[in-house]
Amino acid sequence: MGNPFNTIPRAVQAATPGTRILVGPGTYPALSLGALTGTASQPIALVANGAVTINGSTGVGISMSDGAYVVIEGFTIANSMVHGMNLDDASSLATPSHHVVLRNLTIPSAGTGGNNDCIKLSGLDDFWVLDSNVAGCNQGEAIDMVGCHRGVIAGNTFHDVVGSGVQTKGGSEDVVIHRNRFERIPGRAVNAGGSTDLAFFRPQNATAEARNIRVLSNLFIGGGSGSGAAVAFVGCDGCVAAHNTIYQQQRWIVRILQETVDARFVPSRNGLFVNNIVAVNAAQLSTVVNVGANTSPLTFTFGNNLWFALDRASWTPPITDVPPEMGSLVQQDPRFANAAQGDFHLNAGSPAIGAARSVPRLSDFSGACFASPASIGAFER
């Protein structure tokens, strides 16, 4: 009885709270988990026990609706015609899916040119996306969240997508984006907010596309070749980007936009962009901050960022339309350990060491605690 089921769906149908389903090595067809439900003390885990690929060539690789207390771990999801994963609340907006962990997933591609995401999350609360590698999402996002709340996206690598990276919109709130690596994202690496049809907001009475999205201790490398930015505050209320390292970003560093315009919505406002290292080729930038209509840029705070042009001996970052920055370090070499090899630790003597302002923070990119006073950027000294 060591292998009692010959298909994953049969094992899923038999699962009860506390069940751990181990999937043996091989390639399996697209998988629907339905309303798989564990409990707080006994979640249901679906775990790849070896090299396991889910082939999504018939549509979505892995889908689940109205699930709760579920762990999905270790799978490669390939060749999906639509989304790599689609987890939702079955359109029951008042009863979200909840307590879901996605860990150690590999999604090398998804979609065929429509609005197809590698990971699509709609109406999901209390969730974690951890230690995964996501790429190649065709026209959608690496992770697209609509009306998601209390989530953690940490330790992932997002790279070489067609459009944008991680998007939190449709009433999303209290999402932490922490210790991720964003490489070669042509659009918005993090879209804090977005543009959502009013019918799809969760909750329906939301007054902002997003609130309290925290972008902390991430690496952004070589993005913005399209109409991109490292971080876009788009209809976002009280959102934060702090202690990130942004390297060779093109076009814009920050965008402040409002794409959902309605009487009930607050403008994009009260954002914080502090303690970040921005090292760029100045010739590849348009402006540092791109501000659109119907926003409140004067409510944003920029402070204690280190700005360094790799291609200029002398440079002042062209920051306009937001209040003057306090505590900035301009054209001071951050002294990365070895940027050419992707090592953005700080060498001794870096001006970023101990130069951060005091803000709520988590660990640095490597998981180490910040000193007091902390260093600017994604790495403590």
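Residues numbered from 1 in each chain as written. Predicted model: local features only at pLDDT ≥ 70, side-chain atom pairs only at ≥ 80, totals over all residues. Heavy atoms only, no water.

### Brief notes about the nonpolar core
By size, the foremost hydrophobic cluster in this structure holds 77 residues, and its most contacted members are F75, M85, L102, L121 and I253. Ignoring sequence-local partners within four residues, the contact set of I253 consists of A229, A230, V231, I246, F273, V278, V280, L285, T287, V288 and W307. (Core = buried A, V, L, I, M, F, W, Y, C linked by side-chain atoms within 4.5 Å. Buried < 20%, exposed > 50% of the residue type's maximum accessible area, 1.4 Å probe, protein only. Contact = heavy atoms within 4.5 Å.)

### Some points on the environment of F158
Inspection of the secondary structure puts F158 in strand β17 (residues 157-159). Residues F158 and I107, 51 residues apart in the sequence, show an inter-C-alpha distance of 9.8 Å. Residue contacts for F158: discarding those within four places in its chain leaves V134, A142, I143, I153, V166, N180, R181, F182, E183 and I185. (Helix = DSSP H or I, 4+ residues; strand = E, 2+ residues; numbered from the N terminus.)

### Overview of the side chain of N218
Following the sequence through the fold, N218 ends up in the loop between β22 (210-216) and β23 (219-221). Side-chain polar atoms of N218 contact the backbone oxygen of I177, separated by 2.9 Å. (Polar contact = N/O pair within 3.5 Å; in protein donor to acceptor, adjacent residues only side chain to side chain.)

### Some points on the pattern of salt bridges
By the definition in use, this model includes 13 salt bridges. With a shortest N-O distance of 3.3 Å, R184 and E183 are connected by a salt bridge. Judged by relative accessible area, which is 17%, E183 ranks as buried. Between R211 and D237 there is a salt bridge whose closest N-O contact spans 3.0 Å. Of this pair, R211 sits in strand β22 while D237 sits in strand β25 (residues 236-237), and the two are 26 residues apart along the sequence. Note on R211: relative accessible area 22%, which makes it partly exposed. The structure contains a network of salt bridges with shared partners spanning D160, R181, E183 and R184. (Salt bridge = Lys/Arg side-chain N within 4 Å of Asp/Glu carboxyl O.)

### Details of the packing of aromatic side chains
Taken as a whole and judged by the stated rule, the model has 10 aromatic pairs. Measuring from ring centre to ring centre gives 5.4 Å for F365 and F379, while their planes differ by 55 degrees; the resulting arrangement is tilted. Of this pair, F365 sits in the segment after β36 (343-346) while F379 sits in the segment after β36; the two residues are 14 residues apart in sequence, bridging distant segments of the chain. F379 carries the same exposure label as F365, and that label is buried. Three or more aromatic residues joined by ring pairs make a cluster, and in this case those are F158, F182 and F220. When the ring centre of W252 is taken as reference, the NZ or CZ atom of R251 above it lies at 4.2 Å. The aromatic ring of F201 is capped on one face by R264, whose charged end is 5.6 Å from the ring centroid. (Phe/Tyr/Trp six-rings, centres within 6.5 Å; stacked < 30°, edge-to-face > 60°. Lys NZ or Arg CZ within 6 Å of the ring centre and 35° of its normal.)

### What to know about the sheet that holds strand β9 (residues 85-88)
With parallel pairing, the 10 strands of this open sheet are ordered in space as β3-β6-β9-β12-β15-β18-β21-β24-β28-β31. Each edge of the sheet is formed by a strand with only one pairing partner; in this case those strands are β3 (31-32) and β31 (289-291). (Pairing = 2+ DSSP bridges.)

### Overview of the environment of F182
For F182, the location among the structural elements is in strand β20 (residues 181-183). When its relative accessible area of 1% is taken as the criterion, F182 is described as buried. Each residue touching F182, except ones within four places of it in the same chain, is listed here: F158, V166, I177, A189, V190, N218, L219, F220 and I221.

### Focus on the pairing of strand β16 (residues 149-154)
Relative to β16, strand β13 (residues 124-130) runs parallel, the two sharing 5 bridges. Paired with D125 across the two strands is H149, which belongs to β16. In this structure, β16 lies alongside strand β19 (residues 172-178), joined through 5 bridges in parallel fashion. Residue pairing for β19: A154 is matched across the bridge by H178.

### Considerations on the state of the cysteines
On inspection of all chains with the given rule, the structure shows 2 disulfides. The residue that forms a disulfide with C118 is C137, at a sulfur-sulfur distance of 2.1 Å. Of note, the bridge from C118 to C137 carries an S-S torsion of about -110 degrees and is left-handed in sense. Here C118 is found in the loop between β11 (106-107) and β12 (119-122), whereas its partner C137 is found in the loop between β14 (133-135) and β15 (141-146), with 19 residues between them in sequence. On the basis of relative accessibility, which here comes to 0%, the residue C118 falls in the buried class. Judged by its relative accessible area of 0%, C137 is buried. Each disulfide pairs two cysteine sulfurs, and for C236 the partner residue is C239, the sulfurs being separated by 1.9 Å. Here C236 and C239 share a disulfide; its torsion about the S-S bond, -65 degrees, makes the bridge left-handed. (Disulfide = S-S within 2.5 Å.)

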